[in-house]
Amino acid sequence: MKFVGIDVGGTFTDGIFLDKETGKTTVRKTHSTPQNQRIGVMNAVKESGYDLSEVELFLHGTTV
């Protein structure tokens, strides 16, 4: 099982990625993209190396 947590802030988008099978946790910090927040989120996912089709839980929060 893979879990993803994303927080979009005014300056940075933070992501934490957890593989429950291996116990590996990966953290990514990318620049936020106020014109289109999806870009910052997807940049964090891309840098994590995760395939979203394998993610069972995706949590999203924002301070924007």
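As a starting point, this report considers the structure included with it. Here the structure is a predicted model, which is why all the values come from computation and not from measurement.

### Remarks on the environment of Thr25
Along the chain, Thr25 turns up in strand E3 (residues 25-31). What makes Thr25 partly exposed here is its relative accessible area of 43%. Along the backbone, Thr25 and Phe3 are 22 residues apart, and their C-alpha atoms lie at a distance of 9.6 Å. Apart from the residues within four sequence positions on either side, Thr25 is in contact with Ile16, Phe17 and Leu18.

### As for the pairing of strand E1 (residues 2-8)
Of all 7 residues making up E1, 5 are buried, and the element is well covered by its neighbours. Bridge count for E1 against strand E2 (residues 12-19) is 7 bridges, and the pairing is antiparallel. Within the sheet, the bridge partner assigned to Ile6 lies in E2 and is Gly15. Linkage of E1 to E2, two consecutive antiparallel strands, is achieved through a turn of 3 residues.

### A word on the sheet that holds E2
What links the strands of a sheet is backbone hydrogen bonding, and the strands pair in either a parallel or an antiparallel sense. Taking strand neighbours across the sheet as the criterion, the 4 strands line up as E3-E2-E1-E4 in an open arrangement whose pairing is mixed. Edge strands, defined here as strands with exactly one partner in the open sheet, are E3 and strand E4 (55-62). Direction aside, the axes of adjacent strands within the sheet are offset by 15 degrees on average. Pairing between E1 and E4: 7 bridges, direction parallel.

Cut-offs used in this document
- Residues numbered from 1 in each chain as written.
- Predicted model: local features only at pLDDT ≥ 70, side-chain atom pairs only at ≥ 80, totals over all residues.
- Heavy atoms only, no water.
- Helix = DSSP H or I, 4+ residues; strand = E, 2+ residues; numbered from the N terminus.
- Buried < 20%, exposed > 50% of the residue type's maximum accessible area, 1.4 Å probe, protein only.
- Contact = heavy atoms within 4.5 Å.
- Pairing = 2+ DSSP bridges.
- Axes fitted to C-alpha atoms, helices over the stretch in contact; angles between N-to-C directions.

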